[in-house]
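Listed below, chain by chain, are the residues.
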Amino acid sequence: MLGFIIQRFLQAAMVMAVMSVIVFCGVYAIGNPIDIVIPPEATQDIREEAIRRLGLDRPLYEQYFIFISNLLQGDLGRSFVYNIPVLELIGGRLPATLELVLISVIAATILGVSLGIYAGYRPDSRISKTIMAVSVLGFSVPSFWVGLILILFFAVNLGWLPAGGRGETTEIWGVAWSFPTPNGLSHIVLPAVNLALFKLAMMIRLARAGTREIMLTDTIKFARAAGLSETAILRRHLLKLISIPIITIFGLELGSTLAFAVVTETIFSWPGVGKLIIDSIGVLDRPVMVAYLILVAFLFVTINFVVDLVFALIDPRIRHGVSK
Amino acid sequence: MTDPVLSVKNLSTQFFTRAGVVKAVDSVTFDLAKGEIMGLVGESGSGKTVTGFSLLGLVDAPGRIVEGSVKLNGTELTTLSQKDLRTRRGREISMIFQDPIATLNPMLTVGQQVRLAIDAHEKLSHRAADARATELLSQVGIPSASVRLRAYPHEFSGGMRQRVAIAIALLHRPSVIVADEPTTALDVSIQAQILFQMRDLAAETGTAMIWISHDLAVVSSLASKLAVMYAGRIVEQGPTATLLRDPRHPYTAGLIASLPATAKPGTPLTQIPGTTPSLLSLPPGCPFAPRCDRSTDRCEVKPQITLQESRGWRCFHPVEKNAEVLA
């Protein structure tokens, strides 16, 4: 087990190193921030002074090594635009995205897996067919449109829920969160529903497919022949057997939603990192872009690492390294 | 003779598929006395396994039992609710399958799986259940059973896995065990071990067994009586020795003749010409007629069962004693 962890850790470090190079070069390639940061009427002296101050006069590889050595000391640079440390900038926005995404992905998984198991367990019932029809909608209707309709319906017409913003926040461990206050929670509902729909549909499909497959196996037949109740079969056998693909998708979705909740955050004016990165790309705020992308890579690597650990924890064949 | 523990009459199971109705089991009738071992023999697709599932009420949709009765210890099973049926499965009748790697859950320890089967019918404390599981596993021949309870199925060999499955099936000392080719996936040496161990365990506990197999040689060493299935019907049944010595149905005779042991060394093995008909489009009469060298126009009608003492067959032209097939 320890060897497994060390191996995965080294792999993760490699991925991070390669990612940092790609991100740095990629961001360098998309445009020169000087043209945006410095007003066109500035004199040549001011221009050169600014370029030197931002470190843009050095060759790319030197910039990279300066960036990396700063990074290793926990310094991701300062934003060109806001002139505050990038870490502070992103850190201020991250909790908003984090709470929104966690709530929506977890809710979608719990609900989706339950509905999916039901639909797979009774594939011919009318409820199951309704569930599957709704899941097709969840896949095919574009998320920005659903967001707008949600606002129109629940915020404008019915006036039940707020249309945007984070609402009241409260501080836990020095970070502002919306979900503990009733007002903040009411602000989360609509964007969370918007984000969750697609994931809900996917979890339903995944759980249903797994359930249908597993229910036909000899494992289930044998459990039934031994007189196990259907509840015991579903809870003790089925849930474990379908869990691997579900956990995989859960991890991937968690990562990608954290990184790219942009559309929903924009529609609901949710002040998360998604909005920050879109703004930063607009003004070529290099340190923010680089830091954000590296943070995203780090999130993915971490989530995958955790997912692998969870696999090993629940599946003895992975833990014991059984081939096949 | 005492009442049979299991009495099956005219059992028919059909699958209603889009392609048509599959008559997987057709008018199957037999009795099983306490502790008796019956061999259910036939080719692949002859309906042996579906017969087994039908006995336990485990036929999956689109299949269902359309006719007939299954009486276990005097209770009619075919009319029971799934809930009542469940309380009998594992306690009064249980089943073992062919491939132990597919039957055991790879993600639960052997101990957890035995415990689930215990919990299904009894309230035992954790410790009592463990003791019971250990005792049972050692009984079926698993060394250092108390340690092995914490192991997962992939840490066992094929034979040991099947022993675990057997232990689970025997857990509540059921009256009947349906054994669906439980040794087919195993090494020959292990096969014999498990075969005779199961026979002894069944004798000890008074459990009757239905041993499903396509291998006449395996079954005949174990079972006191045989039922030969062909295309969903039992075409011949009776005491093993009688059937082997003096088969009446041409199909039984063909099966016996094609046993490698009966062939003279150096000569080609005998085989039955043709293949099993599709259960979707069975001929109206005797399903074996197209492959049978004794068939006549009469065989276009379904042959009814001919009874003689303890045996019976479904054929208009039964093979007579010491006929050419055995010569």
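Residues numbered from 1 in each chain as written. Chains lettered and ligands numbered in written order. Predicted model: local features only at pLDDT ≥ 70, side-chain atom pairs only at ≥ 80, totals over all residues. Heavy atoms only, no water.

Help me get a handle on the confidence of the model for chain B, residues and values and all.
This prediction gives chain B a mean pLDDT of 85; 97% of its residues lie at or above 70. Between residues 323-327 of chain B, whose pLDDT stays under 50, and residues either more than four places distant or in other chains, the model counts seven contacts. (pLDDT = per-residue confidence, 0-100. Contact = heavy atoms within 4.5 Å.)

Provide a residue-level description of the sheet that holds strand β11 (residues 306-308) of chain B, including the pertinent values.
Residue and element names in this part refer to chain B. Strand order in the open sheet formed by eight strands is β6-β7-β8-β3-β9-β10-β12-β11, with mixed pairing between adjacent strands. Single-partner strands in this sheet number two, and they are β6 (93-96) and β11. Neighbouring strand axes in the sheet, compared pairwise and without regard to direction, differ in orientation by 20° on average. As judged from the three bridges shared by β11 and strand β12 (residues 311-313), these two strands associate in the antiparallel manner. If you follow Gln308 over to β12, its bridge partner there is Arg311. The strands touched by helix α1 (residues 48-56) within the sheet are β3 (37-41), β6, β7 (176-180), β8 (208-213) and β9 (225-230), with β6 carrying the most contacts at an inclination of about 150°. Against the sheet, helix α7 (residues 158-170) engages β6 and β7, with an angle of about 170° to β6. (Pairing = 2+ DSSP bridges. Helix = DSSP H or I, 4+ residues; strand = E, 2+ residues; numbered from the N terminus. Axes fitted to C-alpha atoms, helices over the stretch in contact; angles between N-to-C directions.)

Summarise a nonpolar patch on the surface; cite the residues concerned and give the values.
Residue and element names in this part refer to chain A. Taken together, Phe144, Trp145, Leu148, Ile149, Leu152, Phe153, Val156, Leu158, Trp160 and Val263 make up a surface patch of nonpolar side chains, about 1000 Å² in accessible area. Broken down by element, the nonpolar patch gets its largest block of residues, seven residues, from helix α7 (residues 143-157). By the element assignment, Trp145 lies in helix α7. (Patch = residues over 30% accessible without salt bridge, like charges linked within 9 Å, V, L, I, M, F, W, Y side chains within 5 Å. Areas by Shrake-Rupley, 256 points an atom, 1.4 Å probe, with all protein chains shown as cover. Salt bridge = Lys/Arg side-chain N within 4 Å of Asp/Glu carboxyl O.)

I'd like to hear about the packing of aromatic side chains, residue by residue, with values.
Across all of its chains, the model carries 12 aromatic pairs over all chains by this definition. A centroid spacing of 5.6 Å and a plane angle of 65° characterise the contact between Tyr64 of chain A and Phe65 of chain A, whose relative ring orientation is edge-to-face. Both rings, one in Phe53 of chain B and one in Phe97 of chain B, keep their centres 5.8 Å apart while their planes meet at 40°; by these two values the pair is tilted. With Phe53 of chain B in helix α1 and Phe97 of chain B in the loop between β6 and α3 (100-103), this pair connects stretches of sequence that are 44 residues apart. For Phe53 of chain B, a relative accessible area of 12% gives the class buried. Taken together through their ring pairs, the aromatic side chains of Phe24, Tyr64, Phe65 and Phe67 of chain A make up a single cluster. Geometry around Phe53 of chain B places Lys221 of chain A over its ring, the cationic atom sitting 3.8 Å from the centre. When the ring centre of Phe156 of chain B is taken as origin, the NZ or CZ atom of Arg148 of chain B, which lies over that ring, is 4.2 Å away. (Phe/Tyr/Trp six-rings, centres within 6.5 Å; stacked < 30°, edge-to-face > 60°. Buried < 20%, exposed > 50% of the residue type's maximum accessible area, 1.4 Å probe, protein only. Lys NZ or Arg CZ within 6 Å of the ring centre and 35° of its normal.)

So what about the interface of chain A and chain B? Which residues, and what values?
Counting residues at the interface gives 24 residues for chain A, matched by 30 residues for chain B. At the junction of chain A with chain B, the criterion picks out one salt bridge. Here Lys221 of chain A makes a salt bridge to Asp60 of chain B, at a shortest N to O gap of 3.1 Å. Between chain A and chain B we count eight residue pairs in polar contact (both at pLDDT 80 or more) in total. Of all elements in the fold, only α9 (218-225), α10 (230-241), α11 (243-259) and α15 (316-319) of chain A reach the threshold of two or more residues within the side of chain A that touches chain B. The element contributing the most residues to the side of chain A that touches chain B is α9 of chain A, with six residues. Looking at the side of chain A that touches chain B, its residues break down into 10 nonpolar, six polar and eight charged. (Polar contact = N/O pair within 3.5 Å; in protein donor to acceptor, adjacent residues only side chain to side chain. Nonpolar A, V, L, I, M, F, W, Y, C, P; charged D, E, K, R; others polar.)

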